[in-house]
Every structure is written in structure tokens, then in C-alpha cells.
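Fold and geometry: a report
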Amino acid sequence: MDAPSSRAGTFLGDYRLDRILAENPATLTWLAEQASVRRPVTLIELKPGALSRHGDFLADVRAKAAVDHPLIGSVYEAVSREDHCYAALERLPGASLADRLAAREALKPAQLAHVLRRTAEAQMYLESAGTANLPLGPESIHLDSHGVVRLANLARAGERGPERSDDDIRLLGEALRPLVADGHPGTSRLSTVLAWMRGEELGRPLTWQEVHSYASQIEQQLIEIPAVAAPPTSLTSQRRNILPLLLGSVAVLVVVVAGAVIWKGRSSRPPEVPLPPALTIPAGSHPSPDGGSVELLSFELSAHEVTIGEYAEFLADIARQPENQRGRYDAEDQPASKTGHEPDDWAAMYAAARSGGQWQGRLISPGHPVVNVDWWDAAAYCNWRIVKLPTQEQWFAGLRSGLDDPLQLKAAGWSAVSEIPPTDRTPAGLLGMAGSVAEWTRDPAVNPANPLGVKSHVIIGASFLKPTGGALAREWTDDRLQRRPDLGFRVIRDLE
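Calculation criteria
- Residues numbered from 1 in each chain as written.
- Predicted model: local features only at pLDDT ≥ 70, side-chain atom pairs only at ≥ 80, totals over all residues.
- Heavy atoms only, no water.
- Helix = DSSP H or I, 4+ residues; strand = E, 2+ residues; numbered from the N terminus.
- Contact = heavy atoms within 4.5 Å.
- Areas by Shrake-Rupley, 256 points an atom, 1.4 Å probe, with all protein chains shown as cover.
- Axes fitted to C-alpha atoms, helices over the stretch in contact; angles between N-to-C directions.
- Parallel < 35°, antiparallel > 145°, perpendicular 65-115°, else oblique.
- Left-handed = near helix turned anticlockwise from the far one by under 90°.
- Nonpolar A, V, L, I, M, F, W, Y, C, P; charged D, E, K, R; others polar.
- Phe/Tyr/Trp six-rings, centres within 6.5 Å; stacked < 30°, edge-to-face > 60°.
- Lys NZ or Arg CZ within 6 Å of the ring centre and 35° of its normal.
- Pairing = 2+ DSSP bridges.
- pLDDT = per-residue confidence, 0-100.
- Buried < 20%, exposed > 50% of the residue type's maximum accessible area, 1.4 Å probe, protein only.
- Polar contact = N/O pair within 3.5 Å; in protein donor to acceptor, adjacent residues only side chain to side chain.
- Core = buried A, V, L, I, M, F, W, Y, C linked by side-chain atoms within 4.5 Å.
- Salt bridge = Lys/Arg side-chain N within 4 Å of Asp/Glu carboxyl O.

Points about the overall build of the protein
- Each helix and strand in the protein was counted, giving ten helices and 24 strands.
- Expressed as a percentage of contacts within the protein between residues at least 6 apart in sequence, the contacts between residues at least 24 apart total 67%.
- Counting only carbon and sulfur atoms, one obtains 51% of the accessible surface of the protein, whose full area is about 21600 Å².

Put into C-alpha cells, the structure is as follows:
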């Protein structure tokens, strides 16, 4: 019998087989091209001797096809006939982290932190959907020359095992150690996160949420803009070409200084203050903003409002989508007249943030809370990031965690979230609850001043423009399209 490699250059349906990438007892994985549209693909073929297992094979393909996340590769087609069975998957651009390891192509800490954050986002999606997946290793994570991270689709049929995430985090924590470039800012911090992923010091590996939180902090704490190039491997034949890039997407700056920002004309440098991770609120009874108590399921509340840099990454991802897919994250009842999610005066705001200049007379950075967003913008961002807006009850439960008197907090000005002063930090680590910017919440509620009235959406917390009431300030509005230069949002993640 001829070796499978002898079929290189032949066709399987519409696909020309180029070369074998991997082989196991049941399948062959090929680099191939869909001839009719000249599209490169990865083709997984069930071996002729394993065709009796086509039911299991197609069940795994269906599990992959059910995954709908921009960071995870797509399934193009599946074909099942008496004499052959195969599936065509998206071929991911760029080199894998395994290729970089083989080429000894280390990444600067900001780059690798970005990879970890995006990987965690994809894995949290799979966790939340209960999707089973094959082990996640460096060979399944791709990084292209523009800094875009994509993951191979490893979904499979069946139930997700309780140890799946722990095993994947441990594996990456060990495998990625050689990728940390020495001698750069953030090296020790990133090495510590990888050690925690392996379970060192903590007695357990980090969760994907914790990986995301720590990686985000490292990104924000590093001001340099790194460069990425594919290593000179068999998959990348061109000479090394180091290109300037903006992490996460072209023209998107997501790395900002956290607590050590240097502005033009400013000679002082404030001490670095680390950003706290998201706050876990346990299930049970919690104080209600209207008095009494309310029963809540467990969730995590972000320590700070969504920043300009984080929101810019969302807009850039939308811009990369085909035009007919750019509304994929919109809330179901979004008005037809609303066709985009750029905040008012976004171009000027973002340009000033990137340059460390002024917007509306105030110094601004990518680490400032994003403002001029309406409720629909906030909801779309949450759908993109697979999180939610908090209800007013969840927001208040976070506020009261370890804090007896919310009025002891003093409204902070609008600044980078890392520069929120201690007077507007709760004992549990939440920033800007009394000031900074007011925040959208998820659900409408009755105004206690008018208990017979209809429910309206709640804007919670005071702001740098409206500091009265501090953390206890609330507004009710029927206009979810309103945008203000002191109105933003933070997010939660359900744990049950």
C-alpha cells in the first residue's frame, strides 16, 4: 500500500492535498487548498481503515462547528461518503507558538501577556459553553505579524471534564517558559504568572479568569510598543522582518502605563500602584441599594471601568469582520437606526489617548475609562468579551464588600484607572465606585422615589462632572442612546 504522503498533489473532492501535517491511527491532517476559491485550509481526513468511526468523527466536527468565537478557527465544510469522510477547517495565519519555540524566537513580556490574555478569553468562552476540547498546547496558538492571536479549534464531542482548564493552564505555564525574553520590563512579572499557572506558590493553577486579569495588568503596565515577526521555520520561509505593531490588532494600542504614566511637560512620576484583579462576590444574601437584602448568585465584578484601550480593541475587532457580520455582537433589541459603536468624538478621544495629549481640555491615556458610550455600546462590548453589565444589585453588592459606609469614599476625578486615589478605592479593591465616571447597569428598575412608576434603566455611581452622592448616586433614564463625557461602564462574569 502506498504511503499517505504519496497522495500529495492529488484531490479529495474540491481540495488539493499539499502535505501531511499530522497522523494518528484514525486520521490524517493535511495542508490543503480549496481549488474552486483558492482558499488555504487544514483538512482532517478519516483514514479508509477507520471509516466505521465516521459517526464519532462527525460528532467532533459538529462540536467544532458549534464554536462561534472570533479567536477560534472556523469549520468550512464536512463531507461524508461511503468511501471517504473529511472536514475542512480554517488555516490559521502566522506561526504557532510551537514554531517560535523551535526557532528560539522569544517574545517580549508585553507580547506574551497579550497572547495569554487573548488565549484566556477564548478558553473562558469554551468554559462558559461547557465545550469539551482536546489539550491546548503551543502548537494550537498562532500569532501573526500584526500581533493577532488565533487558536486552533480543538472542540470535541462529549462533556467538558472538570480538570480540562487546570490541565491546559498547567501545560501552557510550563511550555511557554522559554518564550519569555530576558532583559525586558515585565520579565519577572510574566515569569511569576507562568509559575502561578503551573501551580507554584499557590498550591493550584490559576483559573482562566485569573490568567486574563494578570495578563491584562502586565499589558497595561508596559508602555513600549513591541514588534513581532514570524520565526524562520519551515512554515515561514521569508527572511525575518520585524514590524512595528499595535498589540491585538493593527492600529490598536492596548498597552498603557499603570500608575507610572509620563506626560509631556510633566516631570513628576507617580509611584506604581498595581491594579487589583476582579472581585469575586459569593452567592448568598447581600445588601440592596434600596435597603434590605437581595439574594444573588456568585459572580466576578471588574475592579475598574472598561478603558479606552480595551474598548479600542473591541472596535478594531468589529472593523476586521465582514461588513455583514459587524452587527454580530449587537443586543437583540438594538434600534435599527443604530449602526455602529464608536463613542461620540471617538477619533479625537483615541488620538489624544494614544499620544498622551489632551481631549476636551484634560490629559488622557488609553488607561482612562472609556466615555461617550450609550447602553447599546456597552451591551455589544459585553457580548464581544463574553461578559455582562452588572445589575444595580450586583454593583452595590460589590461596593459593600468589606465597606460599611459607602459615603466614606470620595469621588475621584477622571484619570487612568491605575491612578485612582486610595480615597476612591474600596477595601476589596474596587476603583472609582464613588467618582471617575458614572456607569451603565444591565436591567431596568423602579425608582424608589416613584414606586408606582414604570421601570427605567439605572446609571449608578457619581462622576467627575457630577460628584454629588458619591457611590450612592443613581439616575433613572428611558434613553439608552444617551452618551455623556462622564458615563462609562464596568463588567461582571457569572460564576454559576
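What follows picks up the thread again.
So, the packing of helix α3 (residues 109-129) against helix α6 (residues 208-221)
- Put simply, α3 and α6 touch, their axes get as near as 8 Å, and they point 150° apart. With respect to each other, α3 and α6 are oriented roughly antiparallel. Remark: the crossing between α3 and α6 carries left-handed chirality. Between α3 and α6, the residues in contact are Pro109, Ala110, Ala113, His114, Leu116, Arg117, Thr119, Ala120, Glu121, Gln123, Met124 and Glu127 and Trp208, Gln209, Val211, His212, Ala215, Ser216, Ile218 and Glu219, respectively.
- Grouping the amino acids of the contact of α3 with α6 by side-chain chemistry returns ten nonpolar, six polar and four charged.

Some points on the packing of aromatic side chains
- Tallied over the entire structure, the rule returns 13 aromatic pairs.
- Each ring, one from Tyr381 and one from Trp384, has its centre 5.6 Å from the other, and the planes form 50°; the classification is tilted. Linking Tyr381 with Trp384, this pair stays in helix α9 (residues 375-385), spanning three residues, or about one helical turn.
- A connected cluster of aromatic rings, assembled from ring pairs, spans Tyr311, Phe314, Trp346, Tyr350, Tyr381, Trp384 and Phe489.
- It is Arg39 that lies over the ring of Tyr76; its NZ or CZ is 3.7 Å from the centre.

Considering the sheet that holds strand β5 (residues 75-80)
- Strands sit in the order β1-β2-β3-β4-β6-β5 across an open sheet of six strands; the sheet is antiparallel. Sheet topology places β1 (11-12) and β5 at the edges, where each strand pairs with a single neighbour.
- In this structure, strand β2 (residues 15-23) lies alongside strand β3 (residues 27-34), joined through seven bridges in antiparallel fashion. Looking at β3, one finds that Arg19 is bridged to Leu31.

Remarks on the confidence of the model for the protein
- With 89% of its residues at a pLDDT of at least 70, the protein reaches an overall mean of 86.
- Taking the mean pLDDT of every element in the protein, the minimum, 30, falls on strand β13 (residues 243-244) and the maximum, 98, on strand β23 (residues 487-488).
- When the criterion is pLDDT under 50, residues 223-273 qualifies, and its contacts beyond four places in sequence or with other chains add up to 129 contacts.

Notes on the pairing of β5
- The sheet contact formed by β5 and strand β6 (residues 85-90) spans five bridges and is antiparallel. Residue pairing for β6: Val75 is matched across the bridge by Leu89.
- The antiparallel hairpin formed by β5 and β6 contains four residues in its connecting segment.

Quick notes on the side chain of Arg198
- Note that Arg198 resides in the loop between α5 (187-197) and α6.
- Classification of Arg198 as buried rests on a relative accessible area of 17%.
- Within polar-contact distance, the side chain of Arg198 engages the side chain of Glu200 at 2.9 Å.
- Non-local contacts of Arg198, meaning those with residues more than four positions away in its chain, are made with Arg170, Gly173, Glu174 and Arg177.

A look at the sheet that holds strand β24 (residues 492-494)
- The three strands are arranged β14-β17-β24 in an open sheet whose pairing can be described as antiparallel. With partners counted over all chains shown, the strands left at the sheet margins are β14 (279-281) and β24, one partner each. Sheet twist, expressed as the mean angle between neighbouring strand axes with direction ignored, is 20°.
- Bridge analysis of strand β17 (residues 299-301) against β24 gives three bridges, and the strand direction is antiparallel. The partner of Glu300 across the bridge, within β24, is Arg493.

Describing the nonpolar core
- Counting 39 residues, the largest nonpolar core has Leu112, Leu116, Ile141, Leu176, Met197, Trp208 and Val211 as the members making the most contacts within it.
- When contributions to this core are tallied by element, the ones reaching two or more residues are α3, β9 (141-143), β10 (149-151), α4 (164-175), α5 and α6.
- Looking at which element gives the most residues to this core, the answer is α3, with ten residues.
- When residues no more than four places from it in sequence are discounted, the contact partners of Val211 are Leu116, Ala120, Ile169, Met197 and Leu206.
- Core analysis: the next-biggest nonpolar cluster, separate from the first, contains 38 residues, Tyr329, Trp346, Ala378 and Tyr381 among them.

Quick notes on the pairing of strand β20 (residues 438-445)
- Pairing analysis gives two bridges linking β20 to β23, with the strands arranged parallel. Across the sheet, Glu439 pairs through a bridge with Gly488, a residue of β23.
- Where β20 and strand β21 (residues 456-460) come together, four bridges link them in antiparallel fashion. When the sheet's bridge partners are listed, Glu439 is paired in β21 with Ile460.

So, α5
- Listed in full, the buried residues belonging to α5 are Thr187, Leu190, Val193, Leu194, Ala195, Trp196 and Met197.
- Of the surrounding secondary structure, the elements contacted by the buried residues of α5 are α3, α4 and α6.
- Following α5 by one or two positions, Gly199 has its phi on the positive side, about 95°.

Some details on unusual backbone geometry
- Phi is positive for Glu201, which is not a glycine, with a value near 75°.
- Taking the relative accessible area as the measure of exposure, Glu201 reaches 72% and is therefore exposed.

Quick word on the pattern of salt bridges
- Tallied over the entire structure, the rule returns 31 salt bridges.
- Linking Asp168 and Arg164 is a salt bridge whose minimum nitrogen-to-oxygen distance equals 2.9 Å. With Asp168 and Arg164 both in helix α4, this residue pair falls four residues apart, about one helical turn.
- Assessed through its relative accessible area of 0%, Asp168 is described here as buried.
- Among the salt bridges present, the one from Arg483 reaches Asp374, with a minimum N-O distance of 3.6 Å. A residue pair is termed long-range when its members are at least 10 positions apart, and Arg483 in the loop between β22 (474-477) and β23 and Asp374 in the loop between β19 (362-363) and α9 qualify at 109 residues.
- For Asp374, a relative accessible area of 2% gives the class buried.
- Shared partners join several salt bridges into a network, and the residues in it are Arg117, Arg118, Glu121, Glu219 and Glu313.

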